[in-house]
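# Summary of the model geometry
Spelled out, the chains give:
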There are 2 protein chains.
Amino acid sequence: MLEVNPHDPVPPEGLGIAEAARRTGVSVHTLRYYERAGLVITDVDRTTGGRRRYRQSDLDWIKVCTRLRDTGMSIRDIRRYADLVAGGRGNEHERLALLAAHRTELAERMDELARSLAMIDRKIGIYRERMATGDADRLWAPETR
Amino acid sequence: MLEVNPHDPVPPEGLGIAEAARRTGVSVHTLRYYERAGLVITDVDRTTGGRRRYRQSDLDWIKVCTRLRDTGMSIRDIRRYADLVAGGRGNEHERLALLAAHRTELAERMDELARSLAMIDRKIGIYRERMATGDADRLWAPETR
DNA sequence: GGTTGACTTCGAGCACGCTCTAAATCCTAG
DNA sequence: CTAGGATTTAGAGCGTGCTCGAAGTCAACC
């Protein structure tokens, strides 16, 4: 068997999907799913028998995708971005717009999360207070349930 | 027809599901779904004909649920919480533990979001720089795509 | 009594992002 | 050459949280 350690450079003949999965941090299923979904614009090579052979450049691009995914970007939007990148030079403004829109969304989510956190903290505070003062079974206002 | 304005107090005979939906901010579908899911522990009254009649106390509890939902708590966890509340006095520690666990999750999500935001900002920064310096089609390192 | 519109239940459908299965094929070690 | 593990495909399945549809019932007004 072709021995390839996780940190060895990718051999000239490329990597099998299992090793590619290991190196990108997703499952082989997900790797194939991303390809079907049109995210993998690097056109992964195949052996004559049809097996995928991943090159470093493939892994690099897939990592871009997984990083975007990690930021909560939807598959659909990553797809859009990928299409732009595949479209080549000249659409940087569009790509930037897409990223900026995503950034805005993240910032909004952040605000909302902060509000949620405050709300939960308030609720927790009420509970703590209640329990400390032994009011646990006297206060039944909905606010505090 | 029974005229009931959105801010009128709930009449003694209760509200129909449509008005309850309006007042709780969810759809009638969602209202029934929450009930099926076991979130609505206030046991909404029914007319002899089987129609739901919402009292203020029902609305108050449902609003607790929607607020928890707004904080991103899962239906399953709201269910657990509801069961505890329905269980009555004496399990305040458990409720608090549940809320605290959720709070921890929110805080983690917050951190992750902050990291995502930073990552996206870095990427956006790279794009801005590239485009400003006219490097748009020279830099193709995967980091910057 | 009749028309209308609100409401009922149950179950299906949907969007998302995987995750898994089955049956076939490939490829490498021995 | 063969055994057996890795990989292939298309498509099904899953968990979440709704959302909708169908077919039937109820109730308010005329």
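Here's what I pulled together on the structure shown here. Note that the structure is predicted; figures quoted are calculated from it, not measured. (Residues numbered from 1 in each chain as written. Chains lettered and ligands numbered in written order. Predicted model: local features only at pLDDT ≥ 70, side-chain atom pairs only at ≥ 80, totals over all residues. Heavy atoms only, no water.)

## Re the overall build of chain A
Basically, it comes down to this: To qualify as a helix, a DSSP run of H or I must reach at least 4 residues; to qualify as a strand, a run of E must reach at least 2; elements of each kind are numbered from the N terminus. Here the Shrake-Rupley method, with its probe set to 1.4 Å, supplies the accessible areas, and only the displayed protein chains count as covering residues.
Along its length, chain A carries 5 helices and 2 strands. Written out in order from the N terminus, the α and β elements of chain A read α-α-β-β-α-α-α. For chain A, the exposed area adds up to about 8,200 Å²; of that, 49% sits on carbon and sulfur atoms.

## Thoughts on the packing of aromatic side chains
The cut-off we apply is this: Two aromatic rings from Phe, Tyr or Trp, using only the six-membered ring of Trp, form a pair when their centres are within 6.5 Å; if the ring planes differ by under 30 degrees the pair is stacked, by over 60 it is edge-to-face, and anything between is tilted. Partly exposed describes any residue whose relative accessible area lies between the buried limit of under 20% and the exposed limit of over 50%, with all areas from a 1.4 Å probe on protein chains only and scaled to the type maximum. The criterion for a charge sitting over a ring is simple: Lys NZ or Arg CZ within 6 Å of the ring centre, and within 35 degrees of the ring normal.
A full pass over the atoms with the stated rule returns 4 aromatic pairs over all chains. Ring plane angle 15° and centroid distance 6.4 Å describe the contact between W61 of chain A and Y81 of chain A, whose orientation is recorded as stacked. Taken together, the residues W61 of chain A in helix α3 (residues 56-70) and Y81 of chain A in helix α4 (residues 75-87) connect sequence positions 20 residues apart. With a relative accessible area of 0%, W61 of chain A lands in the buried category. Aromatic pair Y33 of chain B and Y34 of chain B: ring centres 5.9 Å apart, planes at 45°, arrangement tilted. Judged by relative accessible area, which is 8%, Y34 of chain B ranks as buried. Over the ring of Y127 of chain A we find R130 of chain A, and its NZ or CZ is 4.7 Å from the ring centre.

## Points about the interface of chain A and chain B
Spelled out, the test is: Contacts are residue-level and defined by heavy atoms, with any inter-residue pair within 4.5 Å sufficient. The term buried area refers to how much accessible surface (probe radius 1.4 Å) is lost by two components on association, counted for both of them together. We count a salt bridge whenever a side-chain nitrogen from Lys or Arg sits within 4 Å of a carboxyl oxygen from Asp or Glu. Residue polarity follows a fixed list, in which Ala, Val, Leu, Ile, Met, Phe, Trp, Tyr, Cys and Pro are nonpolar, Asp, Glu, Lys and Arg are charged, and the others, Gly among them, are polar.
Of the residues lining the interface, 42 residues belong to chain A; the matching set on chain B comes to 42 residues. Where chain A abuts chain B, roughly 4,200 Å² becomes buried across the two surfaces, and 74% of that area is made up of carbon and sulfur atoms. At the surface where chain A touches chain B, the tally comes to 2 salt bridges. A salt bridge links D121 of chain A to R103 of chain B; its shortest N-O distance comes to 2.7 Å. Within the residue set of the side of chain A that touches chain B, elements represented by two or more residues are α3, α4 and α5 (92-132) of chain A. A per-class count over the side of chain A that touches chain B returns 22 nonpolar, 4 polar and 16 charged.

## A short note on the side chain of S116 of chain A
Here S116 of chain A shows up in helix α5. Dropping the residues within four chain positions of it, S116 of chain A is found in contact with D70, T71 and L106 of chain B.

## Some words on the relation of the copies chain A and chain B
Filter applied, for reference: Only residues with pLDDT of at least 70 in both copies contribute their C-alpha atoms to the least-squares superposition of the copies.
It takes a turn of 180° to lay chain A on chain B, together with a shift of 0.0 Å along the axis; the resulting RMSD is 0.0 Å. The superposition of one copy onto the other is thereby described by a two-fold rotation axis. By C-alpha distance to the rotation axis, the residue of chain A lying nearest is M110 of chain A, at 3.4 Å. A high fraction, 100%, of the interface residues of chain A reappear at the interface in chain B, so the copies pair face to face through one surface.

## Remarks on the pattern of salt bridges
One pass over the structure, following the stated rule, counts 22 salt bridges over all chains. Linking R115 of chain B and E112 of chain B is a salt bridge whose minimum nitrogen-to-oxygen distance equals 3.9 Å. Separated by 3 residues within a single helix, R115 of chain B and E112 of chain B lie in helix α5 (residues 92-132), roughly one turn from each other. Each member of the salt-bridge network shares a partner with another, and the members are E19, R22 and R23 of chain A.

## So, unusual backbone geometry
All names here are of chain A. A positive phi is found at D43, a non-glycine position, where the angle reads about 55°. Residue placement: D43 occurs in the loop between α2 (28-36) and β1 (45-46). Since its relative accessible area comes to 65%, D43 is described here as exposed.

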